[in-house]
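Listed here are the chains, written in short residue letters.
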Amino acid sequence: MHVQTVDQRLREVGSPLSPASLAADLRRSPAPRGEAAVALVLRPTAADLEFLLVKRAENTRDPWSGHMALPGGRRDANDPNLVATAIRETAEETHILLDSTWTLGRLEALSPQTRRLPTLDIHPFVFAAPGGTEAVPENREIASVHWVRVSDLLDPSLHRTVEIPLIGSVREFPAYELDGQVVWGLTYRILRNFIRGYPGALQP
């Protein structure tokens, strides 16, 4: 049985996402400037839906070292499409074996806003995983995994401003504080886009 039929809340989440843009992604070739994909994995619980965040391990070669993020990474030459990239990277980083039939849709593609980060088009895909799905961090790349209630994204008390040192300056960025961790930057932007379309969402 398709996981979307198991929980009405998952079906409602999928309704504002674009199946047309998802179908187009399955057919298109890689972009010349480089692409990556991330997975916003949802699992149902009795009280709420939860989504998965990962904390990246400290690594001087990783531009997102130590950041809170969604599982994902660059498109590999062997990936037939970006959905496959999101599925492969999620398995490598968290040992969750997603299925392409669990894809609810996609969110707007985004790019990093600072010059110190790679020039990439990053494509977020929303997946519905079965209740009870567990994640295990891949120790070389992922320090920890965190399941967070979707309703936390609507809680104004969990919104923050964080100061980030950049080259020659310090800038303020909007952020969430989720499960005791600060979530900012690209992941914050993806989650904001997601929650704007969430059924019945009241924006803080």
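Here's a quick rundown of the structure. Bear in mind that the values here come from a model prediction, so they are computed numbers and not experimental data.

**Thoughts on the overall build of the protein chain**
Helix and strand counts for the protein chain come out as four helices and ten strands. The secondary structure elements of the protein chain, listed N-terminal to C-terminal, are α-α-β-β-β-β-α-β-β-β-β-β-β-α. Scored against the burial criterion, the 204 residues of the protein chain give a buried share of 50%. Put simply, the protein chain shows about 10200 Å² of open surface, and 51% of that area lies on carbon and sulfur atoms.

**Quick notes on the environment of Val 162**
Looking at the secondary structure, you find Val 162 in strand β8 (residues 159-166). Val 162 gets classed as buried once you look at its relative accessible area, which sits at 16%. The spacing of Val 162 and Glu 177 is 15 residues in sequence and 10.0 Å in space, taken between C-alpha atoms. With residues near it in sequence (within four places) discarded, Val 162 still touches Arg 171, Glu 172, Phe 173, Ala 175, Val 182 and Trp 184.

**Things to note about helix α3 (residues 82-94)**
Over its 13 residues, α3 runs 18 Å from end to end, which matches the ideal 18 Å to within 8%, given 1.5 Å per residue. For α3, a buried count of ten out of 13 residues is recorded, marking the element as mostly surrounded by other parts of the structure. Restricting attention to buried positions, one finds in α3 the residues Leu 82, Val 83, Ala 84, Thr 85, Ala 86, Ile 87, Glu 89, Thr 90, Glu 93 and Thr 94. Between a side-chain oxygen at the N-terminus of α3 and the backbone nitrogen of Val 83 the separation is 3.2 Å; the capping residue is Asn 81. Just past α3, the residue His 95 takes up positive phi, approximately 65°.

Conventions we followed
Residues numbered from 1 in each chain as written. Predicted model: local features only at pLDDT ≥ 70, side-chain atom pairs only at ≥ 80, totals over all residues. Heavy atoms only, no water. Helix = DSSP H or I, 4+ residues; strand = E, 2+ residues; numbered from the N terminus. Buried < 20%, exposed > 50% of the residue type's maximum accessible area, 1.4 Å probe, protein only. Areas by Shrake-Rupley, 256 points an atom, 1.4 Å probe, with all protein chains shown as cover. Contact = heavy atoms within 4.5 Å. Expected span 1.5 Å × (residues − 1). Polar contact = N/O pair within 3.5 Å; in protein donor to acceptor, adjacent residues only side chain to side chain.

Nothing here speaks to function; it is geometry throughout.
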